[in-house]
Amino acid sequence: VRGLVPDITFLLLLDPSIGKGRINRAYDRLEMEQQNFHEDVFHGYVDLAKANPDRIILFDATKSINDIEAEINKHLRRLLVKLGETSDDI
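Right, let's walk through the structure included here. These figures come from a predicted structure and were not determined experimentally.

## Some thoughts on helix α3 (residues 65–82)
An α-helix turns once every 3.6 residues. As a result, residues three or four positions apart point the same way. Relative to the 26 Å expected for 18 residues at 1.5 Å per residue, α3 spans 26 Å between its end C-alpha atoms, a close match to the ideal helical length. For α3, the full list of buried residues reads Ile 68, Ile 72 and His 75. Considered in projection along α3, the buried side chains sweep an arc of 65 degrees and stay on one side of the axis. Exposed residues lying more than 90 degrees from the buried face of α3 are Asn 66, Lys 74 and Val 81.

What follows is the structure in structure tokens.
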């Protein structure tokens, strides 16, 4: 990606074993990997979030979809206000 980095990333935190248990279709190649692979990836993302707290926003993915959506929307509104958008634009 030649050094391109997103301005903001929303990271939904969920234990890999719980996430894998939510899949209700045939596993793809990555989903068929061993549990330690998924845990390593999870911890890698958490480490990236710790190193980039202004850019990577963490959300508890054990909450309901409505609660997660409300938290993300609240954060987006704050971000848009910071960028100069008026409440009429949001």
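## A few points about the pattern of salt bridges
Per the stated rule, a full pass over the model turns up 2 salt bridges. Here Arg 25 makes a salt bridge to Glu 31, at a shortest N to O gap of 2.9 Å. Note that Lys 63 and Glu 71 form a salt bridge whose closest N and O atoms lie 2.6 Å from each other. The exposure class of Lys 63 is partly exposed, given its relative accessible area of 36%.

Rules of the game
Residues numbered from 1 in each chain as written. Predicted model: local features only at pLDDT ≥ 70, side-chain atom pairs only at ≥ 80, totals over all residues. Heavy atoms only, no water. Helix = DSSP H or I, 4+ residues; strand = E, 2+ residues; numbered from the N terminus. Expected span 1.5 Å × (residues − 1). Buried < 20%, exposed > 50% of the residue type's maximum accessible area, 1.4 Å probe, protein only. Arc of directions from axis to C-beta. Salt bridge = Lys/Arg side-chain N within 4 Å of Asp/Glu carboxyl O.

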